[in-house]
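Listed below are the residues making up each chain.
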Amino acid sequence: MSQPNFRLLLAGIAIFAFIACGGHNPSSTVPSVPLHFQTVQGMGESGPVVYTLGDGGTNASTLTDLRLGADGKLYWGTIAPFTSLCSFPTSGEVGNFDVSTHAQVFQTVAYAPSFIEETSNGSVWVEELNNTSGNPTIDRYAGIGGRDTPIAIPIGPFACGNNFGNGIDGGIALGADGELWFGSDSSPQVGEINQANNAVKVYTLTTPSGGFPPAPQYMALGNDKHIWLTDALNDAVFRVATSGSSKGTNTDVLLPQGSAYQLIGIVSATNKKIYTGSVDFQANPLVGAVDSSPADSAPSFSSIPLPSIGVEPTVFAAGPGKVYFVDFRFPGLGVYDTAAHTMVMLPTATAPGGFGGLAVDTSGTPWLGCATSTGISCVERIALTATWAVYPSVKINLYTKDLNGNALPPGLIGIGETGNSGPFTVASSNAKICTASVISGFDHNIQIAPVKAGKCTLSVTDSHARTVKVSATVINGSGNPQARVHQIRRGRLFRETLGR
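Residues numbered from 1 in each chain as written. Predicted model: local features only at pLDDT ≥ 70, side-chain atom pairs only at ≥ 80, totals over all residues. Heavy atoms only, no water.

For the rest of this paragraph, the subject is the sheet that holds strand β24 (residues 322-327). In spatial order, the strands read β23-β24-β25-β26; together these four strands make up an open sheet with antiparallel pairing. The open sheet has two edge strands, β23 (313-319) and β26 (342-347), and neither has a second partner. Strand-to-strand twist in this sheet, taken as the mean axis angle between neighbours without regard to direction, amounts to 20°. Judged from the six bridges that link them, β23 and β24 form a sheet pairing that is antiparallel. In the sheet register, Pro313 faces β24, and the bridge partner there is Asp327. (Pairing = 2+ DSSP bridges. Helix = DSSP H or I, 4+ residues; strand = E, 2+ residues; numbered from the N terminus. Axes fitted to C-alpha atoms, helices over the stretch in contact; angles between N-to-C directions.)

In structure tokens form, the structure reads like this:
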């Protein structure tokens, strides 16, 4: 059976293929200077700050991964755009971004980079999503721009007609044994690489009763010293032992949503729980879910309430007391407080790009992978502070129709802060133009309902009588600004293509 790569769905593309394993030498680096391109005032204390990644050319068009390295820098991979089914770009870039200096170093690679990880010994590990040989490979670099050791993974070979590329795109993480673990979304297998000698050992995941051979995509090390990974084909999470005599043994845990949902992200949080997200790509409009489970030998996932206005959670990261996820519906960042059990959705200045990369730096600041208006990968710093701010801005546009012609779809604004200044109230200056209300159960989110074309002002007030004015313009016509619900049917296209 063909196994879909749902990470590529997030990029708004069908599939990739890329080239070559051996002798990957860096072809370019950038100087240690900031690559800042956008500051939008009115959001956060000084506005969001966005930085482009890589050389700004074709190879930097689609972000494939973004995560925090052991050295405190953000590590990322990008690829060129695809052209058609099984007709893919043949290069990409990998690099790092210093969150303090905003300098980055990167190199062009002769394959399609997928997940990336930087370990405490300075090694940078990159899965090859596709290459010319068809033999799955993970590259081990002595730092960005350093010597490359391609490591052959003893599975496959795969072909384009069997999956979304001939390499592997099944997650990467450090196991409890200190070795690098990886997954293969093209086969029901995970494995580990010995960091001392690059030796590889592969384990096969058990097929759930009545289900499909698993297709691992995202993975994280849990507090229980097991690898937890998502299975794109069975709407299940696998728990895999990574140390001791039972190493490689695994069990699957089904999620409460049912078979229509597809898992797209997983993280281990500081409260010793596992969080994962999924989206129902058959629903119209799309709907999503966030689930959590204790990281122990008897896992059981339960759903976290989400706003009725709708959320499409994808790609997770964790910080102290918080779980973050990319929301493709509005689009922006979801923030869940694991102690208070509260959630806020923050529409952001830029739309999530590529696979929706997300990372939290050592200070606890989240960085959102994004795409510029010209289609270049970027990262946006989400600077949450004690003084609350309105997201995506204090000036927003709404339209009387969405891009599919649906009349007066609601918009969303979020209130971001490190504390809790709520409950909040909101009032509209002109109910004939727009109305607004705080979403029940989500006191940091406000739903805006456009009525007709014109201008209105929203007054958002906290429990301490601090008020922020938000200027809203309702435009007569169709559009899709950041504060609006989008209606792009990514999943339906993919399911039809795959015959599912």
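After presenting the structure, the write-up continues.
Below, the discussion takes up the pattern of salt bridges. What the rule picks out here adds up to seven salt bridges. Between Arg329 and Glu312 there is a salt bridge, with the nearest N and O atoms lying 3.7 Å from each other. Residue Arg329 is located in the loop between β24 and β25 (332-337), and its partner Glu312 is located in the loop between β22 (302-304) and β23; the two are separated by 17 residues in the primary sequence. The same class applies to Arg329 as to Glu312, namely buried. The partner of Asp337 in a salt bridge is Lys322, and the shortest N-O contact between them spans 3.4 Å. Remark: Lys322 occurs in strand β24 and Asp337 occurs in strand β25; sequence separation between them is 15 residues. On the basis of relative accessible area, Asp337 is assigned to the buried category, the value being 19%. A residue is classified by how much of its surface remains accessible, and Lys322, at 19% relative accessible area, is buried. Via salt bridges that share partners, Asp65, Arg67 and Glu117 belong to a single interconnected network. (Salt bridge = Lys/Arg side-chain N within 4 Å of Asp/Glu carboxyl O. Buried < 20%, exposed > 50% of the residue type's maximum accessible area, 1.4 Å probe, protein only.)

Time to look at unusual backbone geometry. Most peptide bonds take the trans configuration, and most residues that are not glycine carry a negative phi. In this chain, Gly156 is followed by Pro157 through a cis amide linkage whose omega measures 0°. With an omega of 5°, the peptide bond running from Tyr391 to Pro392 counts as cis. As for its placement among the helices and strands, Pro392 is situated in the loop between β30 (389-391) and β31 (395-401). The phi dihedral of His102 is positive, around 70°, even though this residue is not glycine. Within the secondary structure, His102 sits in the loop between β5 (92-97) and β6 (104-109).

One open sheet accounts for four strands, arranged β15-β16-β17-β18; its pairing is antiparallel. The sheet terminates laterally at β15 (216-221) and β18 (250-254), the two strands that pair on one side only. Averaged over all adjacent pairs, the angle separating strand axes in this sheet is 25°, with direction ignored. In this structure, β15 lies alongside strand β16 (residues 226-231), joined through four bridges in antiparallel fashion. Considered in β16, the bridge of Leu221 is made with Ile227.

A word on the state of the cysteines. Joining two cysteines, a disulfide is a covalent bond between their sulfur atoms. The final tally for this structure, using the stated rule, is two disulfides. Across the disulfide, Cys370 is cross-linked to Cys378 (sulfur-sulfur distance 2.1 Å). This pair shows no difference in class: Cys370 is buried, exactly as Cys378 is. A sulfur-sulfur separation of 1.9 Å characterises the disulfide bridge that pairs Cys434 with Cys456. An S-S torsion of about 110° defines the bridge between Cys434 and Cys456 as right-handed. With a gap of 22 residues between them, Cys434 in strand β34 (residues 434-439) and Cys456 in strand β36 (residues 454-461) connect regions that are remote in the sequence. Of the two residues, Cys434 and Cys456, both sit in the buried class. (Disulfide = S-S within 2.5 Å.)

Right, let's get into the side chain of Thr473. With respect to the element layout, Thr473 can be found in strand β37 (residues 467-478). Relative accessible area serves as the criterion here: at 16%, Thr473 is assigned to the buried category. Other than its neighbours up to four places away in sequence, Thr473 contacts Ile396, Asn397, Leu398, Gly454 and Lys455. (Contact = heavy atoms within 4.5 Å.)

What follows covers the nonpolar core. In this structure, Ile153, Ile193 and Leu358 are the most contacted members of the largest nonpolar core, which totals 43 residues. Take this core: its biggest share by element is three residues, from strand β19 (residues 261-268). Residue contacts for Ile193: discarding those within four places in its chain leaves Trp125, Ile138, Ile151, Ile153, Glu179, Leu180, Phe182, Asn198, Ala199 and Val200. The next biggest cluster of nonpolar side chains, apart from the first, holds 20 residues, and it includes Ile396, Phe424, Ile433 and Leu458. (Core = buried A, V, L, I, M, F, W, Y, C linked by side-chain atoms within 4.5 Å.)

Under the counting rule described, the total for this entry stands at ten aromatic pairs. When the centroid spacing of 6.3 Å and the interplanar angle of 40° are considered together, the rings of Trp76 and Phe106 count as tilted. Of this pair, Trp76 sits in strand β4 (residues 74-79) while Phe106 sits in strand β6, and the two are 30 residues apart along the sequence. Judged by its relative accessible area of 0%, Trp76 is buried. For the pair Trp228 and Phe301, a centre-to-centre distance of 6.4 Å together with 75° between the ring planes defines the contact as edge-to-face. Placement of the pair is Trp228 in strand β16 and Phe301 in the loop between β21 (287-294) and β22, with a sequence separation of 73 residues. (Phe/Tyr/Trp six-rings, centres within 6.5 Å; stacked < 30°, edge-to-face > 60°.)

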